[in-house]
Amino acid sequence: MNQKKLAKIGSFRYTVMAFVLIILAGGLVVLPKYEKNEGILADQLLSNIISQERYISTDEISEKIISQDPSFILVDVRSKEAYDNYTLPNAINIPLKKLLDEEFESYLNQDQFDVVFFSNDHFYADQAWALCNRLEYANLHVLKGGLNEWFTTIINPEMPNENMPKSTFELYATRKAASMFFGVAYPDQAKTTSVRKIVPKKIITVKKKKRTAEGGC
């Protein structure tokens, strides 16, 4: 499939996503389990959706994983089959269709960690973010570009050409080192460098956020 066709498909997907987010912002999506929770106002949700602040880059996530930053939780919203095939180190799996299940609330409705949703691109992760944002969950983020961006920037970074600025080469060097950390071996370094591999998954226990009692005495 050529680049033009891929671009058209990508454009269509994000057009659909825009409509989904607008519907959510208008409060037209019914959430039966949370019918008593009004959530944030539609205009505030729309403002949040338009903002790009929720996105976190693959370079930022790579640095956090390598430095063993304990302040965030990676949430893979793809199917269990896709998750079992490949996911990011230490990510937990909460499929989008099960996002509102009570068993996962303690991971999402808390203020101890930043929650970073991801999928193959950021199409489904954006939907997860919008639903949780509607419920006023805190510290929500989306991995920009998802796993597709992860592979093209971190796992298989493209070597810059000689005419590019020094900063581009420095970024490439950082990404190449990261890719080696995540298990990629390069022919020119395979004999002299040992590749560090990390455990792909870890169970994280999150203290459930206490609910405030409704009504007065």
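See above for the structure.
Quick summary incoming for the structure in this document.

Analysis parameters
- All residue numbers refer to positions counted from 1 along the written sequence of the respective chain.
- In keeping with the predicted nature of the model, local features appear solely for residues at pLDDT of at least 70, side-chain atom pairs appear and are counted solely at 80 or more, and the whole-chain, interface and lining totals rest on all residues.
- Computation of side-chain values: all heavy atoms of the structure, hydrogens and water removed.
- Note: two strands are recorded as paired if DSSP finds a minimum of 2 bridges between them.
- Per the convention used, a helix needs a DSSP run of H or I reaching at least four residues, while a strand needs a run of E reaching at least two, with both numbered from the N terminus.
- Clockwise travel from the first strand over the helix to the second, with the strands pointing away from the viewer, marks a crossover as right-handed.
- The rule is simple: take the accessible area with a 1.4 Å probe, protein chains only, and divide by the maximum for that residue type; under 20% is buried, over 50% is exposed, in between is partly exposed.

1. Considering the pairing of strand E5 (residues 140–143)
Turning to step 1, where the next piece is worked out: Sheet topology note: the strand E1 (residues 55–56)/E5 ladder contains two bridges and is parallel. Opposite Ile56, over in E5, you have Leu143 as the bridge partner.
Turning to step 2, where the next piece is worked out: Sheet topology note: the strand E4 (residues 114–118)/E5 ladder contains three bridges and is parallel. For Phe117, the partnering residue across the bridge sits in E5 and is Val142.
Turning to step 3, where the next piece is worked out: Each parallel crossover has a hand, and the one from E4 via helix H6 (residues 123–134) to E5 is right-handed.

2. As for unusual backbone geometry
Turning to step 1, where the next piece is worked out: With a phi close to 55 degrees, Gln68 is a non-glycine residue in the positive phi region.
Turning to step 2, where the next piece is worked out: Tracing the backbone shows Gln68 in the loop between helix H3 (58–66) and strand E2 (72–76).
Turning to step 3, where the next piece is worked out: Of the residues examined, Gln68 reaches a relative accessible area of 57% and is grouped as exposed.
Turning to step 4, where the next piece is worked out: Positive phi, close to 65 degrees, is recorded for Glu136, a residue that is not glycine.
Turning to step 5, where the next piece is worked out: With respect to the helices and strands, Glu136 occurs in the loop between H6 and E5.
Turning to step 6, where the next piece is worked out: Owing to a relative accessible area of 49%, Glu136 belongs among the partly exposed residues under this scheme.

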